[in-house]
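One-letter residues, chain by chain:
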Amino acid sequence: MNHPQRLRAALEEDGTTPLIGVFDMFSASVAAQHYDGMFVSGFGFAASHYGLPDIGFIAWPDMVAFVQRLRLAFPRQHLLVDIDDGYVDPETACHVVQQLEAIGASGVILEDQQRPRRCGHVDGKQVLPLEDYLEKLNLVLESRRDLLVVARTDATEEDEILRRAEALAKTDADVILVDGVRSVERIHRVREVIGDKPLLFNQIAGGKSPRLSLSELTALGVDVAIYSTPCLFAAQTAIDQALSVLKEDDGRLPEHTPQSVGVADCLALLEKNISRSHAKVPAAR
């Protein structure tokens, strides 16, 4: 099976498939030790690559280049890529989708926001007229060969959420995402209106959506869960704490212990990404 087919097969299995948000090659290296699926998060990439908030700064060639590096280092991982609004123009969206499919992405998420865009879990989002988004979505669907496409709505009013979710489910999109969904009851209602179409749920620390386990999501009929920022937020916390301790200790490094990471541990992790090592590394679960 190719990469999109493998992801589709994973979604057809019992339970909810988790995809972990990564923001650079190093966070992906750590995530690959624990999970066999990655979400290439726009939030994380904007923070890592540009040092800017996720409000529309990402240039599509940068995202394509990042996914290409990921695929070379992680040939077995599912790679679901956030392409925001398709970088505004429908023709650009189609071009990016074809580029990503050619370099081995498993799937993409295309949202219905209009510029200026926002993270799906903050206030101030604006959405395109449904007809405009459907036109862009259908062009993307026609331009892909086998790539999995997630249709995402950022609508916030309940009636509009359900209207859009139902309309998206009638397209050839593979999966539906309502971002920033605020309650279990809303998940139930979305699940009802989209019928048998696979459903994706996005969790982010401090976001709008409830904190739910994979078992709870499975019971709600959710097929795939993306965790946008656990690596990014953990890195911010750990780096801040480590540098605070270093400053307090007058620049003396903490004693290296078996529980801490040193040179050898870091190199061992990175050596797994070298192409000649791939045949020796089992897929994570």
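Remember, it's a predicted structure, so these values are computed and weren't measured experimentally. Each chain carries its own residue numbering, running from 1 in the written order of its sequence. The predicted origin of the model limits local features to residues at a pLDDT of at least 70 and limits the giving and counting of side-chain atom pairs to 80 or more, whereas totals for whole chains, interfaces and linings rest on all residues. Computation of side-chain values: all heavy atoms of the structure, hydrogens and water removed.

This brings us to the sheet that holds strand β3 (residues 78–82). Each strand in a sheet pairs with another by means of backbone hydrogen bonds, the pair being arranged parallel or else antiparallel. Two strands make a pair as long as DSSP finds a minimum of two bridges between them. Only DSSP runs of H or I reaching four residues or more are called helices, and only runs of E reaching two or more are called strands; each is numbered from the N terminus. The eight strands lie next to each other as β1-β2-β3-β4-β5-β6-β7-β8, forming a closed barrel whose pairing is parallel. Each neighbouring strand pair of the sheet contributes to a mean axis angle of 25°, computed without reference to strand direction. Direction of pairing for strand β2 (residues 37–40) relative to β3: parallel, over a ladder of four bridges. What sits directly across from F39, in β3, is L80. When checking whether two residues touch, look at their non-hydrogen atoms; a contact exists if any pair is within 4.5 Å. Here an axis means a line fitted to C-alpha atoms, over the contact stretch when the element is a helix, while the angle between two N-to-C directions is reported on a 0 to 180 degree scale. Each of β4 (107–111) and β5 (148–153) touches helix α6 (residues 130–143); the most contacted strand, β5, lies at about 170° to it.

Side-chain atoms within 4.5 Å link the members of a nonpolar core, which is a set of buried Ala, Val, Leu, Ile, Met, Phe, Trp, Tyr and Cys residues. In this scheme, a residue with accessible area under 20% of its type's maximum is buried, one over 50% is exposed, and one in between is partly exposed, where area comes from a 1.4 Å probe on protein chains only. Ranked by size, the top nonpolar core spans 65 residues in total, and within it M63, V67, V81, I83, L100 and L137 carry the most contacts. Contacts of L137, omitting those with residues within four sequence positions, involve L110, V149, A151, L168 and T171. Among the nonpolar cores identified, the runner-up in size contains 13 residues, and L11, L19, L148 and V150 belong to it.

A few words on the pairing of strand β6 (residues 175–178). The alternating pattern of β6 places V175 and L177 on one face and I176 and V178 on the opposite face, and all of these are buried. Taken together, the four bridges between β5 and β6 define a ladder with parallel strand orientation. Paired with T153 across the bridge in β6 is V178. Running through helix α7 (residues 158–169), the crossover from β5 to the neighbouring parallel element β6 is right-handed. Pairing analysis gives two bridges linking β6 to strand β7 (residues 199–203), with the strands arranged parallel. Residue pairing across strands places L177 opposite L200, the latter belonging to β7. The parallel pair β6 and β7 is bridged by helix α8 (residues 184–193), and the resulting crossover is right-handed. Handedness of a crossover is defined as follows: with both strands directed away from the viewer, a clockwise route from the first strand across the helix to the second makes it right-handed.

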